[in-house]
Amino acid sequence: PPPPPARPGLPVILTSGTTGTPKGAARTQPASIEPLLALLARIPYRAGDRLLVAAPLFHSWGLAHLMSAHAMSSTVVLRRRFDPTDALVAIEAEKISVLVVVPSMLQRIMDLPAEVRRRYDTSTLRIIASSGSALPGPLATQVMDAFGDVLYNLYGSTEVGWVSIATPVDLRAAPGTAGVPARGVVVRLLSEDGAPVPDGEEGRIFVGSELLFDGYTDGGSKELNDGYICTGDVGRLNSDGRLFVSGREDDMIVSGGENIFPGEVEDVVLTMDGVADAAVAGVPDDRFGQRLRAYVVRLPGATLTEEDVQAAVRSRLANFKVPRDVVFVDELPRNATGKILRRRLR
């Protein structure tokens, strides 16, 4: 018989592939149950919950709920594909207490007419658990206004596990926040040269915890700094210790010497009446190096113009953050976890 392996095998989860081909990330077994306790301390899951796991099971967010449901004697309800109306039907019919989604699914639910949403009894919902991509502040507020203060937003990645969790209290106080770092997680914000940045200033996000991955299956890894792994995101901590993620480092647009992250511009556009979806990317510009281009999906019947979008951004943000171009499209390119594929836009 073959000799037993020197160590147990590791589960391998694919990254989402927003910047290239998805990579296999080997996940180590945590040294203790502290990471699970940290999750339960912020999101009030209960044994015997009834979960509608709409997030893909091949993604770490859906997989984590599938696995934890077994441990907590919970019921898992699955659908072959996500449909916003079907999700509401399932919540009512199956008396769902936990809805597991990525933000684009929440957006599709909120795009339904209010009279359609009110048609279904969703009073059994105690938790709407969202992760997988950035949750826009305006969307968080809309969801809680419609379904009650039951929304929880988790920030993390395949490589580092969960980093921070925003409760409904956090999302009401600071819409758009990724929440407070979970217990046992240390977040460091570092400058380009590796020096810590003061609170309130943007820096590269490095994370230390028991949930760090063991490397990619091709032998590569993420950038390390004193044992902390870089998430590839840029963010800031406010005076209350809440984390705000500005965006991916490789999504940053440099226009005329100014650094711009698409997320803050997208948040403004998404608050406009008549907007169903929006994304911002940098395109080459002879004068400024790059310029901002907004891609906007209008709601049916909306008569939004390029000037309307530019005026809305100008009223809220600095002039250099106003998109020079606005392109109206039928839909945005997203991957299966709802993340915008900016390379496709470019």
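Below you will find a few notes about this structure. Given the structure is predicted, the values throughout are model-derived calculations rather than measurements.

## Topic: the layout of surface pockets
Part 1 of the argument: The volume enclosed by the second largest pocket comes to roughly 260 Å³.
Part 2 of the argument: As for the second largest pocket, its lining consists of 16 residues, of which Gln107, Asp111, Gln142, Val275 and Leu299 are closest to the centre.
Part 3 of the argument: Put simply, the parts of the chain that give the lining of the second largest pocket at least two residues each are α4 (103-110), α6 (137-147) and β17 (275-285).
Part 4 of the argument: Here the lining of the second largest pocket takes three residues from α6, the largest share from any one element.

## Things to note about the pattern of salt bridges
Part 1 of the argument: Applying the stated criterion across every chain, the model contains 20 salt bridges.
Part 2 of the argument: The salt bridge involving Arg126 is made with Asp49; its shortest N-O contact spans 2.7 Å. Residue Arg126 is located in the loop between α5 (114-117) and β6 (127-130), and its partner Asp49 is located in the loop between α1 (34-42) and β3 (50-53); the two are separated by 77 residues in the primary sequence.
Part 3 of the argument: Asp145 serves as the salt-bridge partner of Arg172, at 2.9 Å between the closest nitrogen and oxygen. Of this pair, Arg172 sits in helix α7 (residues 168-173) while Asp145 sits in helix α6, placing them 27 residues apart in sequence.
Part 4 of the argument: Its relative accessible area of 36% is what places Arg172 among the partly exposed residues.
Part 5 of the argument: Via salt bridges that share partners, Asp285, Arg291, Arg293, Arg324 and Asp325 belong to a single interconnected network.

## Observations regarding the packing of α4 against α6
Part 1 of the argument: Packing of α4 against α6 leaves a shortest axis separation of 10 Å and a crossing angle of 55 degrees. Judged on the interaxial angle alone, α6 and α4 are oblique. The handedness of the crossing between α4 and α6 is left-handed. Residue-level inspection shows Pro103, Leu106, Gln107, Ile109 and Met110 of α4 in contact with α6, the latter providing Leu139, Gln142, Val143, Ala146 and Phe147.
Part 2 of the argument: Looking at the contact of α4 with α6, its residues break down into eight nonpolar, two polar and no charged.

## Side note on the side chain of Ser255
Part 1 of the argument: Structurally, Ser255 is set in strand β15 (residues 253-255).
Part 2 of the argument: In this structure Ser255 comes out as buried when scored by relative accessible area, which is 12%.
Part 3 of the argument: Only 2.7 Å separates the side chain of Ser255 from the backbone oxygen of Gln290, close enough to count as a polar contact.
Part 4 of the argument: Those residues in contact with Ser255 that lie beyond four places of it in its chain are Ile260, Phe288, Gln290, Arg291 and Leu292.

## Thoughts on the packing of helix α8 (residues 262-270) against helix α9 (residues 306-316)
Part 1 of the argument: Between α8 and α9, the least distance of the axes is 9 Å, while the angle of their chain directions is 115 degrees. α8 and α9 meet at a crossing whose hand is right-handed. Along its contact with α8, which presents Val265, Val268 and Val269, the element α9 presents Val309, Ala312, Val313 and Arg316.
Part 2 of the argument: Among the residues forming the contact of α8 with α9, the class breakdown is six nonpolar, no polar and one charged.

Conventions adopted
Residues numbered from 1 in each chain as written. Predicted model: local features only at pLDDT ≥ 70, side-chain atom pairs only at ≥ 80, totals over all residues. Heavy atoms only, no water. 1 Å grid on protein atoms, 1.4 Å probe; cavity = no way out; pocket = protein on both sides within 12 Å on 5 of 7 lines; lining within 4 Å. Points joined across faces, edges and corners; volume = space filled by probe spheres on them. Helix = DSSP H or I, 4+ residues; strand = E, 2+ residues; numbered from the N terminus. Salt bridge = Lys/Arg side-chain N within 4 Å of Asp/Glu carboxyl O. Buried < 20%, exposed > 50% of the residue type's maximum accessible area, 1.4 Å probe, protein only. Axes fitted to C-alpha atoms, helices over the stretch in contact; angles between N-to-C directions. Parallel < 35°, antiparallel > 145°, perpendicular 65-115°, else oblique. Left-handed = near helix turned anticlockwise from the far one by under 90°. Contact = heavy atoms within 4.5 Å. Nonpolar A, V, L, I, M, F, W, Y, C, P; charged D, E, K, R; others polar. Polar contact = N/O pair within 3.5 Å; in protein donor to acceptor, adjacent residues only side chain to side chain.

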